[in-house]
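Each chain, letter by letter, is given below.
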Amino acid sequence: DQQVKQNSPSLSVQEGRISILNCDYTNSMFDYFLWYKKYPAEGPTFLISISSIKDKNEDGRFTVFLNKSAKHLSLHIVPSQPGDSAVYFCAAVTQGGSEKLVFGKGTKLTVNP
Amino acid sequence: NAGVTQTPKFQVLKTGQSMTLQCAQDMNHEYMSWYRQDPGMGLRLIHYSVGAGITDQGEVPNGYNVSRSTTEDFPLRLLSAAPSQTSVYFCASKGPNTGELFFGEGSRLTVL
């Protein structure tokens, strides 16, 4: 049973426009959420996170929104740049527990010049 | 500061062979973990360790063995390789912040 779902395997946007990547989760025990970015032939790198006590967290061009009632989060990238082309993984964890991160399957973002 | 170092980067095995994927980190992190990445499957946790001498199973532990004798090292052993273990393997350690993993560059394993 998939606890973290990214239903869009791929997304293509034009440079300068907004990219919106979506993620849903089923486990109500998750209380901390993260986005990771992965380039080919490299390991994933941490991008941005949000605690369940917040509904928004912003870091430069990247903003994560959390809707707890819908068990949904989204990553907004504004403006999108060609260097943002990568696979983005959504992840969730329960704080104070075993710290096991559960990842979604990823969304491949392509930003066209 | 090297971060998380994995070796080898590429390996080809025959079915039934055994091997060890090495992972070392120089950040003095207590938590370390192994993930595998398969097409369309995302990252799945194999085993993890919250400190030296302590290991536990993740989502897909079968066919893999781990040990944690030091804080720095967390090797992953394949006891008898199977084609289903063809994958890219990532080792990661975690610092003080919740969920923030530092990943190695990955080890691509092919089992024929």
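Read on for an overview of the structure.

Rules used throughout
Residue positions within a chain follow its written sequence, with the count starting from 1. Both sets of labels track the order of writing: A upward for chains, 1 upward for ligands. At least 70 in pLDDT is required for a residue's local features to be given in this predicted model, at least 80 for side-chain atom pairs to be given and counted, and no such filter applies to totals for whole chains, interfaces and linings, which use all residues. Values reported for side chains reflect all heavy atoms of the structure, with hydrogen atoms and water molecules removed beforehand. Disulfides are defined as pairs of cysteine sulfur atoms found within 2.5 Å of each other. The secondary structure listing takes helices from DSSP runs of H or I that are at least 4 residues long and strands from runs of E that are at least 2 residues long, numbered from the N terminus. Accessibility here uses a 1.4 Å probe with only protein chains present; expressed as a share of the type maximum, an area under 20% marks a residue as buried, one over 50% as exposed, and anything in between as partly exposed. In what follows, residue pairs with any heavy atoms lying within 4.5 Å of each other are defined as contacts. Joining two parts hides part of their accessible area as seen by a 1.4 Å probe, and the buried area is that hidden amount summed over both. Between N or O atoms, a polar contact is any pair within 3.5 Å; within protein, one atom must be a potential hydrogen donor and the other a potential acceptor, and residues adjacent in sequence are included only when both atoms are from side chains. Note that Gly is not counted as nonpolar here; it falls among the polar residues with everything else outside the nonpolar set of Ala, Val, Leu, Ile, Met, Phe, Trp, Tyr, Cys and Pro and the charged set of Asp, Glu, Lys and Arg.

**So, the state of the cysteines**
Reasoning step 1: Here the structure, examined in full by the defined rule, presents two disulfides over all chains.
Reasoning step 2: Between the sulfur of Cys 23 of chain A and that of Cys 90 of chain A lies a disulfide, 2.0 Å long from S to S. The sign of the S-S torsion, about -75°, decides the handedness of the disulfide formed by Cys 23 of chain A and Cys 90 of chain A: left-handed. Remark: Cys 90 of chain A occurs in strand β9 (residues 86–93) and Cys 23 of chain A occurs in strand β3 (residues 19–25); sequence separation between them is 67 residues. Residue Cys 23 of chain A shares its accessibility class with Cys 90 of chain A, and that shared class is buried.
Reasoning step 3: Residue Cys 23 of chain B pairs covalently with Cys 91 of chain B via a disulfide, S to S 1.9 Å. Between Cys 23 of chain B and Cys 91 of chain B, the disulfide has an S-S torsion of -75° and is therefore left-handed. Of the two residues, Cys 23 of chain B is situated in strand β3 (residues 19–25) and Cys 91 of chain B in strand β9 (residues 87–94); the sequence distance between them amounts to 68 residues. As far as burial versus exposure is concerned, Cys 23 of chain B and Cys 91 of chain B are alike and both buried.

**Regarding the interface of chain B and chain A**
Reasoning step 1: Counting residues at the interface gives 19 residues for chain B, matched by 19 residues for chain A.
Reasoning step 2: For the pair chain B and chain A, the two sides together bury roughly 1600 Å², of which 61% comes from carbon and sulfur.
Reasoning step 3: For the interface between chain B and chain A, the tally reads four residue pairs in polar contact (both at pLDDT 80 or more).
Reasoning step 4: The set of elements that each furnish at least two residues to the side of chain B that touches chain A consists of β4 (31–38), β5 (42–51), β9 and β10 (101–103) of chain B.
Reasoning step 5: For the side of chain B that touches chain A, the element with the highest residue contribution is β5 of chain B, accounting for four residues.
Reasoning step 6: When its residues are assigned to classes, the side of chain B that touches chain A shows nine nonpolar, seven polar and three charged.

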